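Architecture and fold: a report
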Amino acid sequence: MRLLFGSFFTLLIAAALGLGATWFTLTRGVAFGSLTVGAWTAWPKTGSVDIDPYARASIARSGELPTGVGDGISFYAHTDDAGQNFDGRCTFAISGMTPAARYWTVTLYDPEGRLVANTIDRHGFTSDEIVRDNDGRFSIAVAPLARPGNWLPTGGIEQFVLVWRLYDTPIGVATRTTKEGPMPAIVRKGCS
Amino acid sequence: MIRALMWLLAAILLGGVVHLSTVLALPQAAKEDAYSRLVALTPVNRVVPLPAPTADSTVMPFMDPAFAAAVCRYDLTGGSLKLIAPVSQAYTSVTFYTRNSVAYYAINDRAAGRRSIELDLMTPAQHAQVPEEEDVTAADRLIIESPSTRGLVVVRALAPEPGLMAAARGALARATCSIQPVQ
């Protein structure tokens, strides 16, 4: 009786622990070999055959196709530089430098990877269409309400994700230091 | 007390086994992965354009809206695959994925260095059957080995401005993939 109870208890705990850990790692996006610059994180190996089992399971579950290393690299940001979550009711300013790349794009998604509806039908910018100042610098206002210059609308959603993609770039699996990949700074400017 | 601790230890170890095996089994069991999503939309061994992502619908999550994309869902059972993708004005890339969404090869227009990207995709067994002279003499023939018999080739063309999307789509419309029967 005691044996039966013990093994039943063990199996129950084991199943809860194992499945819980799997669910946790997949929803949190655990993957190894990440490259973090400021608020931006990329997983270069996820776009190659060296992808780890966690990233493999994570993309199989979400249904996305990762950017291949011969194509480019994707940096994800969920917070600003101070670690505050991206809230679509707040205004965030993105400015600074980008690593060497032939082209880059920045796109705003909801946490599930869908584009966000807005009145001007803008979901991001490419390196060609962004408005720059005389020194070639740029600033993007990520905000719920219209802004002059480069306005990226949030649609007022509770949480959003920014993805910065560099195409045809030397940044990749071998990149170690943040000097090689200076990513734009993200600062929160206030909430409505 | 010690007995209970032993049971707990066994539970933790077994939990680890459950965790690792579910993580490893998930790619095989996933019903909503990229390949499964594309089965309904795409025929086998033909390039078809993917609908652009909008706020209402997206074929796959985290698609780059600045790109026009087309996909060739391949099956190499009947022979190797020949892929030809004309290069668009701005930037064009071709990425190869296994059945389980692993990006095993990617090339862009500059690396291909010509007006169109031309590739032969084959299984390791089919590659072994290619006559060696042919492999060497055709220096401009790029052969890619696919780790899986089935998979996806995604051709992406950048529209640097929204007005250039039509041109990018036009370039992709001329992309082809076709099976070369085994000789």
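Computed from a predicted structure; not experimentally measured.

Next up on the list: the pattern of salt bridges. Here the structure, examined in full by the defined rule, presents twelve salt bridges over all chains. Between Glu129(A) and Arg122(A) there is a salt bridge, with its nearest N and O atoms 3.7 Å apart. A salt bridge links Arg165(A) to Asp64(B), with the shortest nitrogen-to-oxygen separation between them at 3.9 Å. Taken as a pair, Arg165(A) in strand E9 (residues 161–167) and Asp64(B) in the loop between strand E1 (47–49) and strand E2 (67–75) lie in two separate chains rather than in one. We note that Arg165(A), like Asp64(B), is buried. It is possible to trace a salt-bridge network through shared partners that takes in Arg102(A), Asp168(A) and Asp109(B).

When pLDDT is averaged across chain B, the result is 88; 94% of the residues are at 70 or more. Interface confidence for the predicted complex, given as ipTM, is 0.87, next to a pTM of 0.89.

This part covers the interface of chain B and chain A. With 55 residues of chain B in contact, the opposing surface of chain A contributes 58 residues. In this assembly, chain B packs against chain A so that about 4500 Å² is buried in total across both faces, 68% of it on carbon and sulfur atoms. In terms of surface lost to chain A, no three residues of chain B exceed Trp7(B), His19(B) and Phe62(B), which account for 17% of the buried area on that side. Where chain B packs against chain A, one counts three salt bridges.

With that settled, the discussion passes to the nonpolar core. In terms of nonpolar packing, the biggest core is built from 29 residues, with Trp40(A), Phe75(A), Ile140(A), Val142(A), Leu162(A), Trp164(A) and Ile186(A) touching the most fellow members. Residue assignment for this core shows that the elements contributing at least two residues are strand E1 (35–37), strand E2 (40–42), strand E3 (72–77), strand E4 (90–95), strand E5 (103–109), strand E7 (139–143) and E9 of chain A. Leave out the neighbours within four places in its chain, and Val142(A) touches Cys90(A), Thr91(A), Phe92(A), Ile94(A), Leu108(A), Leu152(A), Thr154(A) and Phe160(A). In this structure, Val94(B), Ile117(B), Leu119(B) and Leu172(B) belong to the second largest nonpolar core, which totals 26 residues.

Take a nonpolar patch on the surface next. A cluster of nonpolar residues, Phe5(A), Phe9(A), Leu17(A), Met1(B), Leu5(B), Leu8(B) and Ile12(B), forms a patch on the protein surface that exposes about 730 Å² of accessible area. Listing elements by their share of the nonpolar patch, those giving two or more residues are helix H1 (2–28) of chain A together with helix H1 (2–29) of chain B. Take Phe9(A): it is sitting in helix H1. For Phe9(A), a relative accessible area of 35% translates into the label partly exposed.

Residues and elements named next belong to chain A. In terms of burial, E7 is a largely internal element, four of the five residues being buried. Across four bridges, E4 lies against E7 in antiparallel orientation. Bridged to Ile94 within E7 is Ile140.

Right, let's get into the packing of aromatic side chains. Residues and elements named next belong to chain A. A complete count under the given rule lists 16 aromatic pairs over all chains for this structure. For the pair Trp43 and Tyr76, a centre-to-centre distance of 6.1 Å together with 55° between the ring planes defines the contact as tilted. Residue Trp43 is found in the loop between E2 and helix H2 (53–62), and its partner Tyr76 is found in strand E3; the two are separated by 33 residues along the sequence.

Right, let's get into the state of the cysteines. Counted by the stated rule, this structure contains two disulfides over all chains. Covalent S-S linkage joins Cys90(A) and Cys191(A), the inter-sulfur distance amounting to 2.0 Å. Every disulfide takes its handedness from the sign of the S-S torsion; for Cys90(A) and Cys191(A) that torsion is 90°, giving right-handed. With Cys90(A) in strand E4 and Cys191(A) in strand E10 (residues 185–191), this pair connects stretches of sequence that are 101 residues apart. Given the relative accessible area of 3%, Cys90(A) is considered buried. Note that Cys72(B) is cross-linked by a disulfide to Cys177(B), the S-S spacing being 2.0 Å. Of note, the bridge from Cys72(B) to Cys177(B) carries an S-S torsion of about 85° and is right-handed in sense.

Parameters at a glance
- Residues numbered from 1 in each chain as written.
- Chains lettered and ligands numbered in written order.
- Predicted model: local features only at pLDDT ≥ 70, side-chain atom pairs only at ≥ 80, totals over all residues.
- Heavy atoms only, no water.
- Salt bridge = Lys/Arg side-chain N within 4 Å of Asp/Glu carboxyl O.
- Helix = DSSP H or I, 4+ residues; strand = E, 2+ residues; numbered from the N terminus.
- Buried < 20%, exposed > 50% of the residue type's maximum accessible area, 1.4 Å probe, protein only.
- pLDDT = per-residue confidence, 0-100.
- Contact = heavy atoms within 4.5 Å.
- Buried area = accessible area lost by both parts, 1.4 Å probe.
- Core = buried A, V, L, I, M, F, W, Y, C linked by side-chain atoms within 4.5 Å.
- Patch = residues over 30% accessible without salt bridge, like charges linked within 9 Å, V, L, I, M, F, W, Y side chains within 5 Å.
- Areas by Shrake-Rupley, 256 points an atom, 1.4 Å probe, with all protein chains shown as cover.
- Pairing = 2+ DSSP bridges.
- Phe/Tyr/Trp six-rings, centres within 6.5 Å; stacked < 30°, edge-to-face > 60°.
- Disulfide = S-S within 2.5 Å.

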